[in-house]
Amino acid sequence: MPTIGLDDAGIRHLCERDWRLAHLIERLGPLSYEPPATAFSSLAHSIIEQMLSIKAAATIEQRIYHLCQGDFCPRTVAALSEGDLRACGVSVRKAR
């Protein structure tokens, strides 16, 4: 799992710009994270997760992944109907 250390240029930049954030970063230490599989999956996750609980968003994402039958990419998501997306729990506006 990749880790962003306290000596990372981006972290140093943030710490120089915001003392409150610097304090939190210093207190939390290095950040380990799981990178997204693709830029599209990261974008889709962000859209689905907006204004929802993390648990609800995860459920909706899993339903959409299931509909895509393992081929989660722009082409397969675009091929889903608005009704399919709504049935997964996606709002009308986001489904459109």
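Residues numbered from 1 in each chain as written. Predicted model: local features only at pLDDT ≥ 70, side-chain atom pairs only at ≥ 80, totals over all residues. Heavy atoms only, no water.

A.B. asks: So, the overall build of the protein: which residues are in play, and what are the values?
C.D. replies: Along the protein, the regular secondary structure elements total 7 helices and 2 strands. In the protein, the order of α-helices and β-strands from amino to carboxyl end is β-α-α-β-α-α-α-α-α. Computed over its C-alpha atoms, the radius of gyration of the protein comes to 18 Å, more than 25% above the 12 Å expected for a compact globule of 96 residues. Each principal axis of the C-alpha atoms in the protein carries an extent, and together these give about 50 × 25 × 20 Å. In the protein, the share of contacts with a sequence separation of at least 24, taken over all contacts with a separation of at least 6, comes to 50%. Of the roughly 7300 Å² of accessible surface on the protein, 58% is carried by carbon and sulfur atoms. Looking at charge distribution, the protein has the averaged site of its 11 positive side-chain charges lying 9 Å from that of its 11 negative ones. (Helix = DSSP H or I, 4+ residues; strand = E, 2+ residues; numbered from the N terminus. Rg over C-alpha atoms; globule rule 2.2 N^0.38 Å. Contact = heavy atoms within 4.5 Å. Areas by Shrake-Rupley, 256 points an atom, 1.4 Å probe, with all protein chains shown as cover. Lys, Arg positive; Asp, Glu negative; His and termini not counted. Charge placed at Lys NZ, Arg CZ, Asp CG, Glu CD.)

A.B. asks: Residue-level account of the environment of Ile-25, with values.
C.D. replies: Of note, Ile-25 is situated in helix H2 (residues 19-28). Expressed as a C-alpha distance, the spacing of Ile-25 and Leu-6, which sit 19 residues apart in the sequence, is 7.7 Å. Leave out the neighbours within four places in its chain, and Ile-25 touches Leu-6, Ile-11, Leu-14 and Cys-15.

A.B. asks: Describe the environment of Ala-87, and please don't skip the residues or the numbers.
C.D. replies: Along the chain, Ala-87 falls in helix H6 (residues 82-88). Separated by 24 residues in sequence, Ala-87 and Arg-63 have C-alpha atoms that sit 8.9 Å apart.

A.B. asks: Can you lay out the nonpolar core for me, pointing to particular residues and giving the numbers?
C.D. replies: Of all hydrophobic cores here, the largest spans 13 residues; its most connected members are Ile-64, Cys-68, Phe-72, Leu-85 and Val-90. Every element with two or more residues in this core is listed here: helix H3 (39-49), helix H4 (54-67) and H6. Looking at which element gives the most residues to this core, the answer is H4, with 3 residues. Look past the residues within four positions of Cys-68 in its chain and what remains in contact with it is Thr-76, Val-77 and Leu-80. (Core = buried A, V, L, I, M, F, W, Y, C linked by side-chain atoms within 4.5 Å. Buried < 20%, exposed > 50% of the residue type's maximum accessible area, 1.4 Å probe, protein only.)

A.B. asks: Before we move on, can you summarise the pattern of salt bridges with the specific residues and values?
C.D. replies: All told, the structure shown has 2 salt bridges when counted by the stated rule. When the shortest N-O distance is used, the salt bridge between Asp-71 and Arg-75 registers 3.0 Å. On the basis of relative accessible area, Asp-71 is assigned to the partly exposed category, the value being 31%. Relative accessible area serves as the criterion here: at 58%, Arg-75 is assigned to the exposed category. Note that Arg-96 and Glu-82 form a salt bridge whose closest N and O atoms lie 3.6 Å from each other. (Salt bridge = Lys/Arg side-chain N within 4 Å of Asp/Glu carboxyl O.)

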